[in-house]
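One letter stands for each residue in the lines below.
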Amino acid sequence: MVLGIESSCDETAVALVRGDRTILAQRIASQDEAHRPFGGVVPELAARAHADRLAPMVEAVLQEAGVALSDVDAVAGTAGPGLIGGVMVGLVTAKALAFAAGKPLIAVNHLEGHALSPRLADASLQFPYLLLLVSGGHCQLLGVEGVGRYRRLATTIDDAVGEAFDKSAKLLGLGFPGGPALERAAKAGNSARFVLPRPLLGSDEPHFSFAGLKSAVLRARAALAEPTEQDIADLAAGFQQAATDCLVDRTARAIDTFPEGTALVVAGGVAANQAIRGALADLAAANGLPFVAPPQWLCTDNGAMIAWAGLERFAAGDVDDLSAPARPRWPLDPAAEAVRGAGVKA
Ligand code: KG4
Ligand code: ZN
């Protein structure tokens, strides 16, 4: 039984998860209201909110589960990558709890939390699998070979796909948080009306690029003097379709370069998008691969995925000591080469 703490961005989250995949209790507190006036996540506000909320949330989770801190087997906390103030709040909380309870600390890589979350949702998912990890800060294809063994097959050379969703939503006046708002707007739109670019589609190199697509949305929006609701819906649909086409094309290429993958798996916040899930399910079916996507709540940031990554690491005998550092950057595959322009994302 592992207590998991997540605080790397704007979700404060705590969960208590058992090795048999039972989520005994969990809390997820979004900070949307605090960041909305600024149209994006303000790191300082996020860190303060985590500091205010985390301890009472831990108390509530233990109480709901009817479990004493001394009964947990380990405490797992996100140690990066992410907004460093928030990461420090969560990691120090996890260290204090581990120290007080005399239990091991597991300093979890947030990306490992996303990468292993499909195995919390689906007990039958075995290694190795091909993972498309799509979130606000990352867009990667990974060969997941085992716990702690990740081979990066592709990454973005500029924006992450979630970032492109968020920025495009902002350009279109769709509000914050942008990804879900853009998906909602796109439902009423005609994706064929605006001709938008699909960067790197069909390219020999394995990587992703979304900056040009985002800029094209900006230009198309600027060309409309007084856009109607339908104009905005059409642009949103056009963006979503172009982004989906890019994700599918790059993933199709990765299926060929990672033939040992036994399933196609998607995780991370953008995996909550129904259009993207549907297109990836079709791709998997066309390649005779099972498709695994965690339920939507498990795609966006949460404590259960951190607790689960902690359980997987605990089972492998891989725990940390109390000096584990908070890391603003922390690649899952340390051997992967930096790609052009991706210094801040990879
Ligand atoms: O994994 P996550 O919760 O946090 C990070 O680790 O970044 O992912 C957040 C990202 C944001 O960019 C958000 O706009 C995007 O996931 N997202 C979506 C949807 N829900 C969340 N993007 C597209 N469609 C959605 N339904
Ligand atoms: Zn995340």
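Predicted model only: the values in this text are computed from it and were never measured. (Residues numbered from 1 in each chain as written. Chains lettered and ligands numbered in written order. Predicted model: local features only at pLDDT ≥ 70, side-chain atom pairs only at ≥ 80, totals over all residues. Heavy atoms only, no water.)

**Quick look at the site of ligand 1**
Surveying the vicinity of ligand 1 reveals 18 residues, the closest of which are H114, G136, D166, E183 and D301. In the environment of ligand 1, an oxygen atom lies 2.8 Å from a nitrogen or oxygen atom belonging to the backbone of G136. Between an oxygen atom of ligand 1 and a side-chain N or O atom of D166, the distance comes to 2.5 Å. Considering ligand 1 on its own, with 550 Å² of exposed area, one finds that the protein chains cover 88% of that surface. (Near = heavy atom within 4 Å. Polar contact = N/O pair within 3.5 Å; in protein donor to acceptor, adjacent residues only side chain to side chain. Areas by Shrake-Rupley, 256 points an atom, 1.4 Å probe, with all protein chains shown as cover.)

**Considering the side chain of K214**
Of note, K214 is situated in helix 7 (residues 211-222). Assessed through its relative accessible area of 17%, K214 is described here as buried. Once residues within four sequence positions are removed from consideration, K214 is found in contact with D159, K167, S168 and L171. (Helix = DSSP H or I, 4+ residues; strand = E, 2+ residues; numbered from the N terminus. Buried < 20%, exposed > 50% of the residue type's maximum accessible area, 1.4 Å probe, protein only. Contact = heavy atoms within 4.5 Å.)

**What about the layout of surface pockets?**
For the largest pocket, the calculated volume is near 1,600 Å³. Broken down by element, the residue count for the lining of the largest pocket peaks at six residues, all from helix 5 (residues 161-171). Each residue belonging to the lining of the largest pocket can be placed in one class, and the counts come to 18 nonpolar, 19 polar and 11 charged. In this structure, the lining of the largest pocket is formed jointly by two domains, domain 1 (2-115 + 298-345) and domain 2 (127-293), each of which donates at least three residues. By volume, the second largest pocket is sized at about 230 Å³. Together, 17 residues line the second largest pocket, and A107, N109, E112, R313 and W330 are the ones closest to its centre. It is strand 5 (residues 105-109) that contributes the most residues to the lining of the second largest pocket, three residues altogether. Partitioning the lining of the second largest pocket into residue classes produces 10 nonpolar, two polar and five charged. (1 Å grid on protein atoms, 1.4 Å probe; cavity = no way out; pocket = protein on both sides within 12 Å on 5 of 7 lines; lining within 4 Å. Points joined across faces, edges and corners; volume = space filled by probe spheres on them. Nonpolar A, V, L, I, M, F, W, Y, C, P; charged D, E, K, R; others polar. Domains from an automatic or database assignment.)

**Quick notes on the domain arrangement of the protein chain**
Looking at the assigned domains, one finds that the protein chain contains domain 1 (2-115 + 298-345) and domain 2 (127-293). The C-alpha centroid of domain 2 is placed 25 Å from the C-alpha centroid of domain 1. Contacts between the two partners involve 26 residues from domain 1 and, on the opposite side, 28 residues from domain 2. Around 2,300 Å² of area is buried between domain 1 and domain 2 when both sides are counted, 60% of it from carbon and sulfur atoms. (Buried area = accessible area lost by both parts, 1.4 Å probe.)

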